[in-house]
Amino acid sequence: MATFLYKVGRLAFRRRHFVALIWIALLTLAGVGAANAPAAGSTSFSIPGTEAQKAFDLLDQRFPGSSSNGATARVVFKAPSGEKMTDAGNKATVEKTVKELADGSEVVSVTDPFTTNAVSKDGTVAYASVKYDVAGVALKDSSKNALEDTATEARATGLTVDVGGDALQAAAEMGVGEIIGIALAAVVLLITLGSLVSAGLPLLTAIIGVGIGVSTITVLAKALDLGSTTSTLALMIGLAVGIDYALFIVSRYRAELAEGREREEAAGRAVGTAGSAVVFAGLTVVIALAGLSVVNVPMLTKMGLAAAGTVVVAVLIALTMIPALLGYAGRRIRPTGEKATWLGGGSAKEAAKAARPNMGTRWASFVVRRPVAVLVLSVLGLGAIALPASQLQLGLPDDSSQPTSTTQRRAYDLLAEGFGPGFNGPLMIVVDARNSDAPKAAATAVTDRIKTLDDVVSVSPAAFNKAGDTATITVVPDSKPSSVTTEDLVHTIRDEGAGIKADTDAQVLVTGTTAMNIDFSQKLNDALIPYLALVVGLAFLLLIVVFRSILVPLKAALGFLLSVLASLGAVVAVFQWGWLSGLIGVEETGPIMSMMPIFLVGVVFGLAMDYEVFLVTRMREAYVHGEKPSQAVVTGFKHGARVVTAAAVIMMAVFAGFITSSESMVKMIGFGLAIAVFFDAFVVRMAIVPAVLALLGKRAWWLPKWLDRVLPNVDVEGEGLRKLDAKDSDPDEDRELVRA
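Quick notes on the rules
Residues numbered from 1 in each chain as written. Predicted model: local features only at pLDDT ≥ 70, side-chain atom pairs only at ≥ 80, totals over all residues. Heavy atoms only, no water. Salt bridge = Lys/Arg side-chain N within 4 Å of Asp/Glu carboxyl O. Helix = DSSP H or I, 4+ residues; strand = E, 2+ residues; numbered from the N terminus. Buried < 20%, exposed > 50% of the residue type's maximum accessible area, 1.4 Å probe, protein only. 1 Å grid on protein atoms, 1.4 Å probe; cavity = no way out; pocket = protein on both sides within 12 Å on 5 of 7 lines; lining within 4 Å. Points joined across faces, edges and corners; volume = space filled by probe spheres on them. Contact = heavy atoms within 4.5 Å. Axes fitted to C-alpha atoms, helices over the stretch in contact; angles between N-to-C directions. Parallel < 35°, antiparallel > 145°, perpendicular 65-115°, else oblique. Left-handed = near helix turned anticlockwise from the far one by under 90°. Nonpolar A, V, L, I, M, F, W, Y, C, P; charged D, E, K, R; others polar. Pairing = 2+ DSSP bridges. Phe/Tyr/Trp six-rings, centres within 6.5 Å; stacked < 30°, edge-to-face > 60°. Lys NZ or Arg CZ within 6 Å of the ring centre and 35° of its normal.

With that settled, consider the pattern of salt bridges. Counted under the stated rule, the structure contains 20 salt bridges. The residue glutamate 256 makes a salt bridge to arginine 261 at a minimum N-O spacing of 2.7 Å. Measuring nitrogen to oxygen at the nearest pair gives 2.9 Å for the salt bridge that ties arginine 548 to aspartate 708. In this pair, arginine 548 sits in the loop between α17 (513-547) and α18 (551-576) while aspartate 708 sits in helix α22 (residues 705-710), placing the two residues 160 residues apart along the sequence. Note on arginine 548: relative accessible area 9%, which makes it buried. On the accessibility criterion, aspartate 708 (37% relative accessible area) is partly exposed. One connected set of salt bridges, linked through shared partners, spans Arg10, Arg14, Glu264, Glu265 and Arg269.

Looking now at empty space enclosed by the protein. One pass over the full model with this rule turns up three cavities of 30 Å³ or more. Its volume calculated, the second largest cavity comes out at about 50 Å³. Surrounding the second largest cavity, Thr229, Thr232, Leu233, Met236, Met303, Phe599, Val666 and Ile669 form its lining. The dominant element in the lining of the second largest cavity, judged by the number of residues it contributes, is helix α8 (residues 228-258), at four residues.

We now examine the environment of leucine 693. As for its position among the elements, leucine 693 is in helix α21 (residues 664-696). Apart from residues no more than four positions distant in its own chain, leucine 693 is found in contact with Val552, Lys555, Met619, Val633 and Ala700.

Running from N to C, α17 and helix α19 (residues 596-624) point in directions that differ by 15°, and their axes come no closer than 11 Å. Taken together, the axes of α17 and α19 are roughly parallel relative to one another. Judged by the twist between their axes, the crossing of α17 over α19 is right-handed. Of the residues in α19, those in contact with Leu524, Ala527, Leu528, Tyr531, Leu532, Val535, Val536, Ala539, Leu543, Val546 and Phe547 of α17 are Pro597, Ile598, Val601, Gly602, Phe605, Met609, Glu612, Val613, Val616, Thr617 and Arg620. Tallied by class, residues from the contact of α17 with α19 come to 18 nonpolar, two polar and two charged.

Next up on the list: the packing of helix α9 (residues 263-290) against helix α10 (residues 298-329). The interhelical angle for the contact between α9 and α10, taken along N-to-C directions, is 180°, at an axis separation of 9 Å. By the angle between their directions, the pair α9 and α10 is classed as roughly antiparallel. Residue-level inspection shows Ala267, Val271, Gly275, Val278, Val279, Gly282, Val285, Val286, Leu289 and Ala290 of α9 in contact with α10, the latter providing Gly304, Leu305, Ala307, Ala308, Val311, Val312, Val315, Ala318, Leu319 and Pro323. Of the residues that constitute the contact of α9 with α10, the class distribution is 17 nonpolar, three polar and no charged.

In space, the four strands of this open sheet follow the order β2-β3-β1-β4, with antiparallel pairing throughout. What marks the edges here is a single partner per strand, and that holds for β2 (107-110) and β4 (160-165). Neighbouring strand axes in the sheet, compared pairwise and without regard to direction, differ in orientation by 20° on average. Sheet topology places strand β1 (residues 72-78) next to strand β3 (residues 125-132); seven bridges connect them, and they run antiparallel. From the neighbouring strand, phenylalanine 77 faces β3, where its bridge partner is alanine 126. Relative to β4, helix α5 (residues 141-155) is tilted by about 155°, and along the sheet it contacts β1, β3 and β4.

Let us look at the packing of aromatic side chains. Scanning the entire structure with this criterion turns up nine aromatic pairs. Ring centres of phenylalanine 419 and phenylalanine 423 lie 4.7 Å apart, and the angle between their planes is 20°; this geometry places the pair in the stacked category. Taken as a pair, phenylalanine 419 and phenylalanine 423 share a single burial class, namely buried. Here a set of aromatic residues connected by ring pairs shows up, and it is made of Tyr127, Phe419 and Phe423. Across from the ring centre of tyrosine 328, 5.9 Å away, lies the NZ or CZ of arginine 16, which sits over that ring. The ring of phenylalanine 114 has lysine 91 sitting right over it, with the charged end atom 5.3 Å from the ring centre.

Okay, unusual backbone geometry next. The backbone phi angle of asparagine 296 is positive, close to 65°, even though this residue is not glycine. Relative to the helices and strands, asparagine 296 is located in the loop between α9 and α10. Its identity is not glycine, yet aspartate 505 carries a phi of approximately 65°, on the positive side. Structurally, the position occupied by aspartate 505 is in the loop between α16 (484-504) and β10 (507-511).

Structure, rendered in structure tokens:
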């Protein structure tokens with residue numbers, strides 16, 4: 001591996017014009033394709049194998065043209081203080097609004113609150129339901145504008161009017177945080193690498209890689225039914241790993257220059273050594289992201305594969321475009337320890353500072369001297385932070401998680417005020433009576449049985465399709481959609497359905513947005529352990545090949561689990577309990593997004609292995625070349641701690657930038673990933689890893705002889721490059737090797 005990548009690095013350095021031209025051409029091609037790509041249109045959300053999805057599919061078959069997946073809007077009216085919605089003036093305003101809404105080209109139906117009993121008991125709140133024939137993300141701007149304009153006109157009469165539902169669903173708006181995150185990454189790169197040119201290379205290549213990846217996703221969005229969140233994830237992951245991978249190689253290049261190597265040789269060796277770590281680190285990220293497909297949720301599978309593709313692009317750019325750009329930079333890239341004059345380079349003070357042990361060396365020496373104390377404190381600290389994770393509650397965000405400044409949130413609150421908290425999450429009961437001798441009697445039995453259950457406010461009469469073999473019943477719970485009580489009610493109705501089927505041969509299915517969210521959360525919970533086993537198992541085998549050890553990969557996996565639990569604990573404390581929530585703009589606490597745990601496991605595992613591979617391969621390299629185990633730990637930190645620290649800070653800055661997003665899902669992911677990188681890089685990799693390796697000594701690198709013979713030798717530590725040094729005395733042989 002190292003020798004092959006060494007040749008790739010030297011070739012890219014020499015043929016830099018050709019390499020740069022290829023990547024620029026790919027970026028241009030992807031950009032032009034994205035600019036001319038058709039609009040993505042509707043993004044479907046399905047959960048194969050769940051009862052809620054089966055019911056939706058049945059509705060599409062038995063109620064053709066009902067647009068069960070179409071967008072909905074609830075226009076909510078509230079009378080001024082001291083008035084009722086049934087007052088003549090207010091009633092006339094509502095009727096006019098209903099009439100105007102019905103004229104929309106994409107509108108299927110609009111209900112009149114005065115004919116559908118959609119007025120609260122105290123008469124102060126009423127609502128009109130609007131049904132569209134397409135999903136919210138596919139609604140034309142003209143339809144959305146008409147909805148908003150109609151509400152504004154009604155509001156001008158003195159009524160409080162707000163619009164809920166998914167009809168006004170919009171793509172997430174990103175704040176200035178992403179720009180600030182990139183700016184902070186640039187500052188960290190400048191401090192770490194010592195010159196503007198060195199700092200600019202990782203940023204430039206990361207932006208090119210993300211540009212290619214996100215543009216490709218845009219091109220394929222319509223054909224593959226990709227949502228806006230897919231591009232956001234690809235941008236988030238691609239930018240972070242793109243900067244980190246380039247930083248690893250540029251840092252190693254500067255170290256090779258400091259050892260007196262020529263620039264082409266230094267580029268080849270940087271790619272051969274640090275590039276090997278980048279390849280395996282990238283593989284772990286790809287495994288983790290692609291492994292999301294085992295959950296069998298199409299949306300999650302597409303997100304994972306798209307982000308994995310962006311990571312592959314980042315790896316290829318780091319291995320080829322970075323050495324090419326190093327060739328262009330020439331002497332503007334300085335060896336390790338040298339900084340630009342305007343940063344203090346060339347001074348006697350800098351020379352004296354370079355002669356002293358760096359921070360990484362001093363820290364590693366401290367940990368090696370006191371491994372037990374460091375290990376115990378680190379584990380106990382992360383364990384304490386992980387405690388809130390034991391109270392984790394899962395769900396999907398609804399309008400209650402929107403900022404209070406939005407019309408969707410105000411409409412949600414008005415409906416809860418007028419009709420009760422459960423009104424925002426009604427359950428739809430589908431009665432499949434095709435095999436029943438008395439379909440209407442079966443539907444009546446379902447209605448009567450549900451009315452006797454606790455936490456039920458109202459049950460609508462059964463509405464049959466034209467064939468008379470399928471009915472829908474709407475149930476309004478007494479508790480809010482995201483509550484445990486509502487979830488229990490869904491399970492209770494399903495349990496009752498088994499008895500009804502035995503009595504009437506009619507099948508009872510529970511669906512609706514609330515039931516769909518419950519099923520989605522359960523499906524992700526059920527998939528978490530198999531997914532964790534698959535990802536950690538594959539990466540464990542990969543790390544055995546990389547480190548040629550059993551205990552080092554095992555330690556890496558256990559440390560990762562500790563950092564993930566701690567990050568989940570932090571997410572629960574902030575987003576569910578509300579601790580420090582005001583600092584990051586969390587206006588409403590509630591259940592943690594259902595996909596957060598499995599998503600955090602996948603992404604953080606891949607990123608955590610980046611630091612593990614880069615830091616520990618340096619230790620492995622020193623150990624293989626004759627150093628004692630404890631000294632190898634110090635050597636690994638001497639060369640790798642500064643770079644890993646910079647990479648972690650950069651990744652945290654990039655992820656933290658997404659906390660300013662207007663979409664709660666993106667905000668939560670950004671916070672979770674940022675805090676997870678902090679725990680994993682600075683506690684697990686910087687403290688627990690050296691402490692465990694110091695305690696294990698030579699046993700850390702033990703591998704059964706039979707397994708050592710079976711495993712392929714990937715030579716991540718660059719032993720093959722050492723042999724090149726031995727051949728330096730034979731110019732002809734060396735030229736043959738490089739030419740190969």
